[in-house]
Amino acid sequence: MNSFVKSKSGQTFRPGTRYQQPERLRAAGTKKGDIMMQGNAFRILALLAVLICGATSLPADAVAQQSGSVPGDSLGLSSDSDLWRFVRTGNAGSTQIKNELSAVMIQSEGDNWRAMRNGPIVAFGGIGLIIIIFALGLFYMVRGKIKIDSGPSGETILRFATIDRFAHWLMAGSFVILAITGLNMLYGRYVLLPVIGKDAFAALTAAGKYGHNFLAFAFMAGLALSFILWVRHNIPNKVDLQWIKMGGGIVKKGVHPPAKKFNAGQKVIFWAVMIGGLSVSMSGIALMFPFQTTMFADTFALLNNLGFSLSTDFTALQEQQLNQLWHGFVSLALIVMIMAHIYIGSVGMEGALDAMNSGRVDRNWAKEHHSLWVEEEDQKAAKPAE
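Within each chain, residue numbers correspond to sequence positions counted from 1 in written order. For this predicted model, a pLDDT threshold of at least 70 governs which residues receive local features, and a threshold of 80 or more governs which side-chain atom pairs are given and counted, while totals over whole chains, interfaces and linings are taken from all residues. Hydrogen atoms and water are omitted, and side-chain values are computed over all heavy atoms in the structure.

Things to note about the overall build of the protein chain
Thought 1: Summing up its helical and strand segments, the protein chain has 14 helices and four strands in all.
Thought 2: For the protein chain, restricting intrachain contacts to residue pairs at least 6 apart in sequence, the fraction spanning at least 24 positions comes to 71%.
Thought 3: Note on areas: these come from Shrake-Rupley sampling with a 1.4 Å probe, and a residue is covered only by the protein chains present in the view. Looking at the protein chain as shown, the accessible area adds up to about 25,100 Å², and 66% of this sits on carbon and sulfur atoms. Put simply, DSSP marks the helices as runs of H or I at least four residues long and the strands as runs of E at least two long, and each gets a number from the N terminus on. Residue contacts follow a heavy-atom distance rule, with two residues in contact if any of their heavy atoms lie within 4.5 Å.

Points about the confidence of the model for the protein chain
Thought 1: One number per residue, pLDDT, summarises how confident the predictor is, and it ranges from 0 to 100. For the protein chain, the average pLDDT comes to 83, and 73% of its residues sit at 70 or higher.
Thought 2: Contacts for the low-pLDDT stretch residues 62-66, under 50 throughout, to residues beyond four places or in other chains number two contacts.

Comments concerning the packing of aromatic side chains
Thought 1: Each aromatic pair joins two rings of Phe, Tyr and Trp (for Trp, the six-membered one) with centres within 6.5 Å, and gets the label stacked for planes under 30 degrees apart, edge-to-face for over 60, and tilted for any other angle. Summed over the entire model, instances satisfying the criterion amount to 12 aromatic pairs.
Thought 2: Measuring from ring centre to ring centre gives 6.3 Å for F139 and Y343, while their planes differ by 80°; the resulting arrangement is edge-to-face. Residue F139 is located in helix α4 (residues 109-143), and its partner Y343 is located in helix α11 (residues 316-344); the two are separated by 204 residues in the primary sequence.
Thought 3: Pairing F296 with F300 gives two aromatic rings, centres 5.8 Å apart and planes at 85°, and the pair type is edge-to-face. Taken as a pair, F296 and F300 lie in helix α10 (residues 295-304) at a separation of four residues, close to a single helical turn.

Concerning the pattern of salt bridges
Thought 1: Only one rule defines a salt bridge in this text: a Lys or Arg side-chain nitrogen within 4 Å of an Asp or Glu carboxyl oxygen. According to the stated counting rule, one finds five salt bridges in the structure shown.
Thought 2: Linking R114 and D111 is a salt bridge whose minimum nitrogen-to-oxygen distance equals 3.3 Å. Remark: D111 and R114 occur in helix α4; sequence separation between them is three residues, near one turn of the helix.
Thought 3: Of the residues examined, D111 reaches a relative accessible area of 34% and is grouped as partly exposed.
Thought 4: The partner of E377 in a salt bridge is K380, and the shortest N-O contact between them spans 3.5 Å. Accessible area is worked out with a 1.4 Å probe on protein chains only. A residue is then buried under 20% of its type maximum, exposed over 50%, and partly exposed in between.

Points about the nonpolar core
Thought 1: For our purposes a nonpolar core is just a set of buried Ala, Val, Leu, Ile, Met, Phe, Trp, Tyr and Cys residues, chained together by side-chain atoms within 4.5 Å. Counting residues in each nonpolar core, the largest one holds 40 residues, and the members touching the most others are F175, F219, V273, W365 and A366.
Thought 2: Breaking this core down by element, the ones donating at least two residues are α4, α5 (162-191), α7 (198-230), α9 (264-288), α11, α12 (354-357), α13 (363-369) and α14 (371-382).
Thought 3: Residues within four places of F175 in sequence aside, it is in contact with F219, L334, I335 and I338.

Some thoughts on the side chain of R117
Thought 1: Tracing the chain through its elements places R117 in helix α4.
Thought 2: Positive charges come from Lys and Arg alone, negative charges from Asp and Glu alone, with His and the N- and C-terminal ends not counted. Buried charged residue R117 carries no salt bridge. Nearest counter-charge: D111, at 13 Å.
Thought 3: We call two N or O atoms a polar contact when they sit within 3.5 Å, provided that within protein one can donate a hydrogen and the other can accept it, with sequence-adjacent residues counted only if both atoms are side-chain atoms. At a separation of 2.9 Å, a polar atom in the side chain of R117 contacts the side chain of N118.
Thought 4: Here R117 is in contact with V122, M185, L186, R189, Q324 and L325, once residues within four sequence places are set aside.

Brief notes about α9
Thought 1: A helix is expected to span 1.5 Å multiplied by its residue count minus one. Taking 1.5 Å of rise per residue, the 25 residues of α9 would be expected to cover 36 Å, and the 35 Å separating its terminal C-alpha atoms lies within 8% of that figure.
Thought 2: Capping the start of α9, N263 holds a side-chain oxygen 3.1 Å from the backbone nitrogen of G265, two or three residues further along.

A word on a nonpolar patch on the surface
Thought 1: Taken together, the side chains of F134, L138, M141 and V142 present a nonpolar region at the surface, about 490 Å² in accessible area.
Thought 2: Of the residues examined, M141 reaches a relative accessible area of 67% and is grouped as exposed. A residue counts toward a patch only above 30% relative accessible area and without a salt bridge, and it is joined to like-charged neighbours within 9 Å or, for Val, Leu, Ile, Met, Phe, Trp and Tyr, to nonpolar neighbours within 5 Å.

This is the structure in structure tokens:
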């Protein structure tokens, strides 16, 4: 028997057969699908139009890039040599960082600085130190300790007052520590590092750096005070020429050239320390406060007024590199010279160290090495007090 089932829409169908949508529903679905397909088609066409329009503007630039150049007449792969030559010569580009040094990608002078510091400065400085140590040792073996020829008299004369000795030891003590810590910065990695190891060397060098920076101000104070106290005694005169002709009385035994409070050798030391000390102080300040000074540009400009033709166009980093090289060079020269001064004022000459220890020296020593000064002091003592 045939049986039919009626749906909610009123349509009847035989059980077991597929449900058929009403004609109006099928028509509506078909229309909606057509609309969606048309919309997608329009979207695809619009996208293709954009791509086509964009592609028409790309070929020239794309061809240019493939050939090694960059659009806009900029330097590109076809100009690598020009680009890197421009960069390597230290030309500044543009940067959003406020620090002007950040605009320089490569600073070629750094190679020159490193080569000079690790080359001639270290090499010739080391040679100078070795030569002076060898020369002083040889001189001591040949000449021996310079004795008081007439022997100690037992009578002393005041040579340096307390303020003089304070100025001397303030300057000398700080200089010795500055010299040791500075030499460690140059030669420590070759001499100390293999002996004490990395950790100990790092700690020692870091402490030395702080000591070097802070004791520099003590050296400057001692330098200024010594200049004020002794400059009037260190003006060259004719007596100095005679002292030089006679070898200062240190080469040959029994020879005692006349001299005032400071002889020609001491005057050379004085002016070398004053000028060299001022120079290393200025370069040291420039290194402690980087990029704040233009010492070399200003110095060269001053020399140009005297007829020289020196470049004054230095970047801030170039100034620092020149300061560092000059600081090392002058410091090494001072160290070599002061080593000779320390020798003659201590183990090299009998009675010399008393001048800066107690301030009083033996009268016979003073008469042999500073006879004109002793005469002046005796004349002062003979004058009646007014």
